[in-house]
Amino acid sequence: MSQVELTWGVSTHVGQRSENQDRCLAAPPLFAVADGMGGHAAGGAASEAAVTELAAASDGPTVAVAALRAALERADDRIRRLGGPDPELGAGTTVAGLGLIENGGGLFWVVFSIGDSRVYRWAAGTWEQISTDHSVVQELVDSGEISAAEAATHPQRHVVTRALGLGPGCEADYTVLPVEGGERFLLCSDGLTGGLPAERIAEAVAGGGDPQEVAERLVDDAVAAGADDNVSVVVVHAHRREAAAAGADVDAEAVTVPRLPADGARA
Ligand code: MG
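Residues numbered from 1 in each chain as written. Predicted model: local features only at pLDDT ≥ 70, side-chain atom pairs only at ≥ 80, totals over all residues. Heavy atoms only, no water.

Participant: Before we go on, may I ask you to explain the pattern of salt bridges in this structure?
Facilitator: A side chain with one charge may pair with a side chain of the opposite charge, provided their charged atoms come close. Enumeration according to the criterion identifies 10 salt bridges in this entry. The closest approach of N and O atoms between arginine 78 and glutamate 53, which form a salt bridge, is 2.9 Å. Of the two residues, arginine 78 is situated in helix α2 (residues 65–80) and glutamate 53 in helix α1 (residues 42–56); the sequence distance between them amounts to 25 residues. Classification of glutamate 53 by relative accessible area gives buried; the value is 11%. Salt bridges sharing common partners tie together Glu53, Arg74 and Arg78. (Salt bridge = Lys/Arg side-chain N within 4 Å of Asp/Glu carboxyl O. Helix = DSSP H or I, 4+ residues; strand = E, 2+ residues; numbered from the N terminus. Buried < 20%, exposed > 50% of the residue type's maximum accessible area, 1.4 Å probe, protein only.)

Take a look at the structure:
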């Protein structure tokens with residue numbers, strides 16, 4: 001069985017907000033971005049609950065989809081109890097995540113998302129948004145009422161239709177993809193996609209380089225462009241190794257340990 005080696009980078013910034021309610025998770029083989037919403041500290045507590053529960057779901061070289069589902073359900077339950085009985089104090093969080101799963105002796109990616117944080121993939125020369133936004137503007141685009149360009153400036157562009165902690169239940173989407181080797185993933189909160197043109201984001205990831213530097217450059221550029229929201233990015237690069245090589249000494253130089261910002265990120 002061929003194996004895959006991962007390098008990754010994490011960056012987050014408060015933007016022009018008073019508090020960073022985004023959280024990032026880099027716990028290989030599991031990565032996620034969560035964008036909390038809610039007054040006072042509730043939004044940050046909601047996104048924190050999501051990454052904490054996900055982190056507990058990952059304790060080996062791969063994760064199980066059932067464990068991811070259970071983690072998101074536990075997070076959903078915790079978030080619903082944050083605000084107490086007053087629905088006005090409700091909190092929620094998006095989650096966009098990526099994990100390695102094993103099936104039939106092979107490795108696959110699972111991409112999961114709820115809300116409008118996104119997962120993109122650069123593979124074989126193609127840039128693709130893997131997740132689908134659960135948002136008011138995505139529904140308007142899908143129904144043909146507005147264009148994708150109009151969605152970028154629509155007054156309801158931050159309104160999500162699904163989130164952990166809000167709505168009727170925990171309805172994340174899951175997409176399974178083959179491991180190609182050489183592909184790159186970008187996980188981001190809407191502060192990035194709302195702050196930088198889509199082509200700038202794609203170029204930065206496609207251009208390669210150290211994933212930590214790519215993550216920091218994307219966040220720095222979005223902040224420099226005047227991002228009015230928290231901005232969070234996780235970049236993951238996959239490098240395929242064949243079984244014979246994988247049995248040899250692990251090349252420690254090939255594993256990049258991300259420098260995590262003290263605030264708003266956790267590993
Ligand atoms: Mg946001």
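Participant: What exactly am I supposed to notice about the layout of surface pockets here?
Facilitator: Leftover empty space is mapped by rolling, across the atoms, a probe with the size of a water molecule. In this model, the largest pocket occupies a volume close to 680 Å³. Considering the residues around the largest pocket, the lining is formed by 28 residues, among which Arg118, Ala151, Ala152, Thr193 and Gly194 are closest to the centre. Listed by contribution, the elements that provide at least two residues to the lining of the largest pocket are β6 (118–123), β7 (126–129), α3 (136–142), α4 (148–151), α5 (190–193) and α6 (198–206). Tallied by class, residues from the lining of the largest pocket come to 12 nonpolar, 9 polar and 7 charged. (1 Å grid on protein atoms, 1.4 Å probe; cavity = no way out; pocket = protein on both sides within 12 Å on 5 of 7 lines; lining within 4 Å. Points joined across faces, edges and corners; volume = space filled by probe spheres on them. Nonpolar A, V, L, I, M, F, W, Y, C, P; charged D, E, K, R; others polar.)

Participant: Got a minute to help me understand the coordination of the magnesium ion in this structure?
Facilitator: As a benchmark, a tetrahedral metal site with four donors has ideal angles of 109.5 degrees, while an octahedral site with six donors has ideal angles of 90 or 180 degrees. Protein ligation of the magnesium ion involves Asp35 (OD), Asp190 (OD) and Asp229 (OD), the donor distances falling in the range 2.1 to 2.2 Å. Read in sequence order, the donor residues coordinating the magnesium ion give the pattern D-x154-D-x38-D. Taken together, the positions of aspartate 35 in strand β3 (residues 30–37) and aspartate 190 in helix α5 put the pair 155 residues apart, joining distant regions of the chain. Each member of the pair, aspartate 35 together with aspartate 190, is buried. (Donors = N, O, S within 2.8 Å, 3.2 Å for Na, K, Ca; no water.)

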